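# Close look at the chain arrangement
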Amino acid sequence: MEQQKINIAIDGHSSAGKSTMAKALAKELNFVYVDTGAMYRAATLFCLRERLIESNEIDSKKIEHAVKRMYIGFKYNPKTEQPEVHLGGSNVEEEIRSLEVAKKVSLVAAIPNIRHKLVELQQRMAESGGVIMDGRDIGTVVMPNAKLKFFVTADAQVRARRRVEELKAINPNVKFEEVLKNLVERDRIDSNRAVSPLRQADDAIVLDNSQLTHEEQFQFLLVHARKAMASE
Ligand code: DC
């Protein structure tokens, strides 16, 4: 029997390991993985390049016009076997992981014009099903009807340690305290912004992975996914 192409939403705190588990699950189920955090990061890179951010202020009038020139999308990279984010046709997958982008992304993600444009794009990507999307508002705003929703969290210290390991590849001098501070600050802004704040959907399954291995998390997700597909 052909498997049902349901949509799966994975929301949660910064650096909780959502993308790692979403990628693994998408590979196993032969679904399409959409990293919406990468889209907000690409939008941030766009704003930085266009000089729309002055210290911690964004020119909202200029943004309204500039957003029309912002082209964000994904292209499959056969080498990494993953979809990678493109801005204006160029691959920016590496550039968007810098601390400079991380420091401004919550600010950019709070702008209604930006969210509106990206949510519309994300909803189009999910139209035909078979999508695993991770972010902050996927189960609540982007795909409120997703068949399966997870809310992932972990202790902030554990999350910061994981992020430091990731960042070391691009910056060997990365500081734990700086990463932890950025992460806690992003959680605060993401949870308190006026538009689509980070919130657990009522029907989401909570996963605290502070003490879990990748394999344990993967199995947890897979069991729920198979159950949801069987009941479709
Ligand atoms: O998942 P991430 O850390 O790459 O996300 C980067 C930022 O983008 C995060 O601080 C919050 C924002 N974001 C959002 O507001 N809504 C989403 N659906 C995904 C990410």
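Residues numbered from 1 in each chain as written. Predicted model: local features only at pLDDT ≥ 70, side-chain atom pairs only at ≥ 80, totals over all residues. Heavy atoms only, no water.

### Examining the overall build of the protein chain
If you tally the helices and strands in the protein chain, you get nine helices and ten strands. The C-alpha radius of gyration of the protein chain comes to 17 Å, within 12% of the 17 Å expected for a compact globule of 232 residues. Within the span of the protein chain, comprising 232 residues, buried residues form 50% of the whole. With an accessible surface of roughly 12200 Å², the protein chain has 50% of that area assigned to carbon and sulfur atoms. Across the protein chain, the 35 positively charged side chains and the 33 negatively charged ones have centroids separated by 3 Å. (Helix = DSSP H or I, 4+ residues; strand = E, 2+ residues; numbered from the N terminus. Rg over C-alpha atoms; globule rule 2.2 N^0.38 Å. Buried < 20%, exposed > 50% of the residue type's maximum accessible area, 1.4 Å probe, protein only. Areas by Shrake-Rupley, 256 points an atom, 1.4 Å probe, with all protein chains shown as cover. Lys, Arg positive; Asp, Glu negative; His and termini not counted. Charge placed at Lys NZ, Arg CZ, Asp CG, Glu CD.)

### Some thoughts on helix 2 (residues 36–49)
Two residues of an α-helix separated by three or four positions point the same way, owing to the 3.6 residues in each turn. Taking 1.5 Å of rise per residue, the 14 residues of helix 2 would be expected to cover 20 Å, and the 20 Å separating its terminal C-alpha atoms lies within 8% of that figure. Burial runs high along helix 2: eleven of the 14 residues are buried. For helix 2, the full list of buried residues reads Thr36, Ala38, Met39, Tyr40, Arg41, Ala42, Ala43, Thr44, Leu45, Phe46 and Cys47. For helix 2, the N-terminal capping position is held by Asp35, with its side-chain oxygen 3.2 Å away from the main-chain nitrogen of Gly37. Arg51 sits one or two positions beyond helix 2 and adopts a positive phi of about 55°. (Expected span 1.5 Å × (residues − 1). Polar contact = N/O pair within 3.5 Å; in protein donor to acceptor, adjacent residues only side chain to side chain.)

### Side note on the pairing of strand 9 (residues 148–153)
Burial analysis of strand 9 places six of its six residues in the buried class, the great majority of the element. Here five bridges tie strand 1 (residues 8–12) to strand 9, and the two strands are oriented parallel to one another. Considered in strand 9, the bridge of Gly12 is made with Val152. Pairing of strand 9 with strand 10 (residues 205–208), which is carried by four bridges, proceeds in the parallel orientation. By the bridge assignment for strand 10, Phe150 is matched with Ile205. (Pairing = 2+ DSSP bridges.)

### Thoughts on the confidence of the model for the protein chain
Scored by pLDDT, the protein chain has a mean of 93; 98% of the residues are at 70 or more. Ranking the elements of the protein chain by mean pLDDT puts strand 4 (residues 57–58) last with 84 and strand 7 (residues 90–91) first with 98. (pLDDT = per-residue confidence, 0-100.)

### A word on helix 9 (residues 214–230)
An ideal rise of 1.5 Å per residue puts 24 Å on 17 residues; helix 9 measures up with 24 Å between its terminal C-alpha atoms. Turning to helix 9, its buried residues number three or more, namely Gln217, Phe218, Leu221, Leu222, His224, Ala225, Ala228 and Met229. Buried residues belonging to helix 9 abut strand 1, helix 1 (18–29), strand 9 and strand 10. (Contact = heavy atoms within 4.5 Å.)

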